[in-house]
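Observations on the model geometry
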Amino acid sequence: RKIYDLYIQGFSAGKIAEMLELKYEKLVMQILTRRSNLGIISYKGEEYAGQHQAIVSEETFNLAMAKLKERSAVRIATCKTYLLSGLVYCGHCGAKMRYMKWGKGPKLICYSTMKSKEYLVKDENCPAERVDAEDIENIVIADLFNVSANLDDKLKNESDIFIDPIAEIEGRIEQITLKLKKLYNLYAEGDDELLLETIAENKKKLKKLEKELADEKKNHISRNNMELIYNQIRGIEDVWEYLNDNEKQSVIRDCVEKVIIKDDQIEIFYRFMVKPSEQIA
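Residues numbered from 1 in each chain as written. Predicted model: local features only at pLDDT ≥ 70, side-chain atom pairs only at ≥ 80, totals over all residues. Heavy atoms only, no water.

Moving on, we come to the pattern of salt bridges. Close approach of charged atoms lets side chains of opposite charge pair. Following the criterion strictly, the structure yields four salt bridges and no others. Note that K15 and E18 form a salt bridge whose closest N and O atoms lie 3.7 Å from each other. On the criterion of helical spacing, the pair formed by K15 and E18 is a turn pair, its members being three residues apart in helix α2 (residues 13–19). Taking the relative accessible area as the measure of exposure, K15 reaches 36% and is therefore partly exposed. In this structure, K107 and D132 form a salt bridge, with 3.9 Å as the shortest nitrogen-oxygen distance. Placement of K107 in strand β5 (residues 107–110) and of D132 in strand β6 (residues 131–132) is noted, with a sequence separation of 25 residues between them. Judged by its relative accessible area of 24%, D132 is partly exposed. (Salt bridge = Lys/Arg side-chain N within 4 Å of Asp/Glu carboxyl O. Helix = DSSP H or I, 4+ residues; strand = E, 2+ residues; numbered from the N terminus. Buried < 20%, exposed > 50% of the residue type's maximum accessible area, 1.4 Å probe, protein only.)

Rendered as structure tokens:
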């Protein structure tokens, strides 16, 4: 109820999280938008009256949602589209780097060197210095143009192409599964305690591989999608100046997985290439 009251009064989600000692500002938004707070249960796309009491009134909930919509509209209208937002990481500590307005142009700053969001800090003593965002953006754009211009040559070189790891992981899972079946059969026949240790080791390997497979599927780019990306970036330099900021950001996000900055060294990881492109800032 306090979260709703503060938000309606005009406090931001970040400030409310700080005031109420919540770890994430995202948690504030999750609570605000949770319709179960109205005494409602959602099931298979339908809403039903729950057996629990409503935490806030419908009037309070609707007022908070109106404020949320109003602020979102203002944020969309006033927020600059930063080309590499969410893609840049610190090469020293591994924390994300964020854009921050600074003098004549925005800078990229490691979250570990800031205290505003403690949960994003990886190393309080991180030596990373702020870097000029436009310089990094220009380096990434130039590298993308170079990749685009030499794309056909790269497609011929299998060592440079993103190799789908899912089939490889699935193959290893199949091998261990077959091995476990044989081990179980041997144990059933001989009741050897040493076999139990081997079975346990292989079960651990299988569990680890299954987790790797699940993680990989979340980030996986199918070959059909790769073809779309290839077609999208072919000749991208010729049309770049005609794209708006959102379109440019979309192209970058389709192609670039992450950018790691460590001092004057930059690594650009493309979604469709095994090895990162290394540049000097």
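Moving on, we come to the packing of aromatic side chains. A full pass over the atoms with the stated rule returns three aromatic pairs. Considering the side-chain rings of Y4 and F61, the 6.4 Å spacing of their centres and the 45 degrees angle between planes classify their relative orientation as tilted. In this pair, Y4 sits in helix α1 (residues 2–9) while F61 sits in helix α4 (residues 58–78), placing the two residues 57 residues apart along the sequence. What makes Y4 buried here is its relative accessible area of 2%. Between K258 and the ring centre of F269, over which it is positioned, the NZ or CZ distance is 5.1 Å. (Phe/Tyr/Trp six-rings, centres within 6.5 Å; stacked < 30°, edge-to-face > 60°. Lys NZ or Arg CZ within 6 Å of the ring centre and 35° of its normal.)

Between its first and last C-alpha, helix α5 (residues 133–149) extends 24 Å over 17 residues, near the 24 Å set by a 1.5 Å rise per residue. Those residues of α5 that fall on the buried side of the exposure criterion are A133, I136, E137, I139, V140, I141, D143, L144, F145, V147 and S148. The N-cap residue of α5 is D132: its side-chain oxygen and the backbone nitrogen of E134 are 3.1 Å apart. (Expected span 1.5 Å × (residues − 1). Polar contact = N/O pair within 3.5 Å; in protein donor to acceptor, adjacent residues only side chain to side chain.)

Here we come to the confidence of the model for the chain. With 86% of its residues at a pLDDT of 70 or more, the chain shows a mean pLDDT of 83. Predicted confidence in the chain is weakest over helix α6 (residues 151–156), with a mean pLDDT of 61, and strongest over strand β3 (residues 88–90), with 95. Taken as a whole, residues 158–162 scores under 50 in pLDDT and shows 19 contacts with residues more than four places along the chain or in a different chain. (pLDDT = per-residue confidence, 0-100. Contact = heavy atoms within 4.5 Å.)

So, on to the nonpolar core. Across soluble globular proteins, nonpolar side chains have a tendency to be buried as a group. Counting 38 residues, the largest nonpolar core has L108, L144, W240, I252, V256, I261 and Y270 as its most contacted members. Considering every element that reaches this core, the biggest residue donor is α5, with eight residues. Excluding anything up to four places from it in sequence, I261 contacts V88, Y89, C90, G91, H92, M97, L108, V131, I136 and I266. Counting residues in each nonpolar core, the second largest holds 15 residues, with I3, Y7, V28 and L32 among its members. (Core = buried A, V, L, I, M, F, W, Y, C linked by side-chain atoms within 4.5 Å.)

Along the polypeptide, A142 turns up in helix α5. In the structure, A142 is positioned 95 residues away from E237 in sequence and 8.8 Å away in space, judged by C-alpha atoms.

Right, let's get into the side chain of Q249. Here Q249 is to be found in helix α11 (residues 245–255). Beyond its immediate stretch of four places on either side in the chain, Q249 contacts T81, Y82, L83 and S85.

Here we come to the layout of surface pockets. Computed from the structure, the second largest pocket encloses a volume of approximately 360 Å³. Its residues placed into classes, the lining of the second largest pocket shows four nonpolar, two polar and seven charged. (1 Å grid on protein atoms, 1.4 Å probe; cavity = no way out; pocket = protein on both sides within 12 Å on 5 of 7 lines; lining within 4 Å. Points joined across faces, edges and corners; volume = space filled by probe spheres on them. Nonpolar A, V, L, I, M, F, W, Y, C, P; charged D, E, K, R; others polar.)

Along α1, the residues classified as buried are I3, Y4, L6 and Y7. A positive backbone phi angle near 120 degrees is found at G10, which sits one or two residues after α1.

Spatially, the four strands line up as an open sheet ordered β3-β7-β8-β9, and their pairing is mixed. Across the chains shown, the open sheet's two edge strands, defined by having one partner strand only, are β3 and β9 (277–280). Taken over all neighbouring pairs, the strand axes of this sheet differ in orientation by 25 degrees on average, direction set aside. As defined by bridge partners, strand β8 (residues 265–270) adjoins β9 across four bridges and the pair is classed as antiparallel. From the neighbouring strand, I268 faces β9, where its bridge partner is S277. Along the sheet face, α11 touches β7 (256–262) and β8 and points at about 90 degrees away from the line of β7. (Pairing = 2+ DSSP bridges. Axes fitted to C-alpha atoms, helices over the stretch in contact; angles between N-to-C directions.)

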